[in-house]
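Here's the letter readout for the chains.
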Amino acid sequence: WLEDEQVEFKEAPSREVMEFARSVVWTRATDEHMQAWTKQMNSLGYAGSSQDPLKRGVEGCCPGTCDAKAKVAVEGEDKDREELKILN
């Protein structure tokens with residue numbers, strides 16, 4: 001812990017090299033810092049689901065949600081034929 005409720009983390013793979021590792025200092029989020037962060041994220045092109053992380057969907061979080069053709073596999077006689085059409 002540092003002064004002003006700051007927390008210092010060392011980016012080190014082990015305790016042996018912590019002395020020479022880069023320090024990262026975390027501080028509490030304030031309205032001013034959050035506005036600056038939001039502006040930076042918007043300028044980087046992250047104005048989509050990162051704009052309101054608590055209202056995000058599951059896109060990309062579940063298997064098959066990143067594929068536009070994703071669908072539930074149905075067992076049946078034509079399953080192999082349908083999968084072959086996708087590959088060709």
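Preceding this paragraph is the structure being described.
This one's a predicted model, so the numbers in the text were calculated from it and none came from an experiment. In this convention, every chain numbers its residues from 1, walking through the sequence in written order. Whole-chain, interface and lining totals are the exception, using all residues; otherwise, since this is a predicted model, local features are given only for residues with pLDDT of at least 70 and side-chain atom pairs are given and counted only at 80 or more. With hydrogens and water stripped out, all remaining heavy atoms of the structure feed into the side-chain values.

A.B. asks: Please explain the overall build of the protein as it appears in this structure.
C.D. replies: Segments assigned H or I by DSSP are reported as helices when at least four residues long, segments assigned E as strands when at least two residues long, and all are numbered from the N terminus. Looking only at helices and strands, one finds two helices and two strands in the protein. N-terminal to C-terminal, the α/β element order of the protein is β-β-α-α. For the exposure calls, accessible area comes from a 1.4 Å probe over protein chains only, and a residue counts as buried if that area is under 20% of its type's maximum, exposed if over 50%, partly exposed in between. Looking at the 88 residues of the protein, the share that counts as buried comes to 6%. Throughout, a residue-residue contact means that at least one pair of heavy atoms, one from each residue, lies within 4.5 Å. Here the analysis covers contacts within the protein between residues at least 6 apart in sequence; of these, 0% occur between residues at least 24 apart. Residue burial considers only the protein chains on display, and all accessible areas are found by Shrake-Rupley using a 1.4 Å probe. Surface accessibility of the protein: about 8700 Å² in total, with carbon and sulfur atoms responsible for 54%.

A.B. asks: Quick question: what am I supposed to make of the packing of aromatic side chains here?
C.D. replies: Centre distance and the angle of the planes are the two values used to describe a pair of aromatic rings. Only centres within 6.5 Å qualify two rings of Phe, Tyr or Trp (six-membered ring in Trp) as a pair; their planes then separate them into stacked at under 30 degrees, edge-to-face at over 60, and tilted for everything else. Under the definition given, this model contains one aromatic pair. An angle of 55° between the planes, with centres 4.7 Å apart, marks the rings of phenylalanine 9 and tryptophan 26 as tilted. Of this pair, phenylalanine 9 sits in strand E1 (residues 7–11) while tryptophan 26 sits in strand E2 (residues 22–26), placing them 17 residues apart in sequence. Judged by its relative accessible area of 37%, phenylalanine 9 falls in the partly exposed class.

A.B. asks: It is not clear to me how unusual backbone geometry should be interpreted in this structure. Could you clarify?
C.D. replies: Glycine aside, a negative phi is what most residues show, and trans is what most peptide bonds show. Of note, the phi angle at glutamate 5 is positive, near 55°, even though the residue is not glycine. Glutamate 5 gets classed as partly exposed once you look at its relative accessible area, which sits at 47%.

A.B. asks: Before we go on, may I ask you to explain helix H1 (residues 31–43) in this structure?
C.D. replies: Because each turn of an α-helix spans 3.6 residues, side chains separated by three or four positions in sequence point in the same direction. Each helix should span, by expectation, one fewer than its residue count multiplied by 1.5 Å. Spanning 13 residues, H1 covers 18 Å between terminal C-alpha atoms, matching the ideal 18 Å at 1.5 Å per step. Once H1 finishes, glycine 45 follows within two positions and takes phi at roughly 95°, a positive value.

A.B. asks: Can you walk me through the pattern of salt bridges in this structure?
C.D. replies: Pairing between side chains of opposite charge can happen when the charged atoms of each approach one another. Whenever a carboxyl oxygen of Asp or Glu lies within 4 Å of a side-chain nitrogen of Lys or Arg, that contact is scored as a salt bridge. Enumeration according to the criterion identifies three salt bridges in this entry. With a closest N to O distance of 2.8 Å, glutamate 11 and arginine 22 form a salt bridge. Here arginine 22 lies in strand E2 and glutamate 11 lies in strand E1, a separation of eleven residues in the sequence. Ionic pairing is found between aspartate 78 and arginine 81, a salt bridge with its closest N-O pair at 2.6 Å. Owing to a relative accessible area of 42%, aspartate 78 belongs among the partly exposed residues under this scheme. By relative accessible area, which is 52% here, arginine 81 ends up exposed.

Honestly, it's all geometry; don't read function into it.
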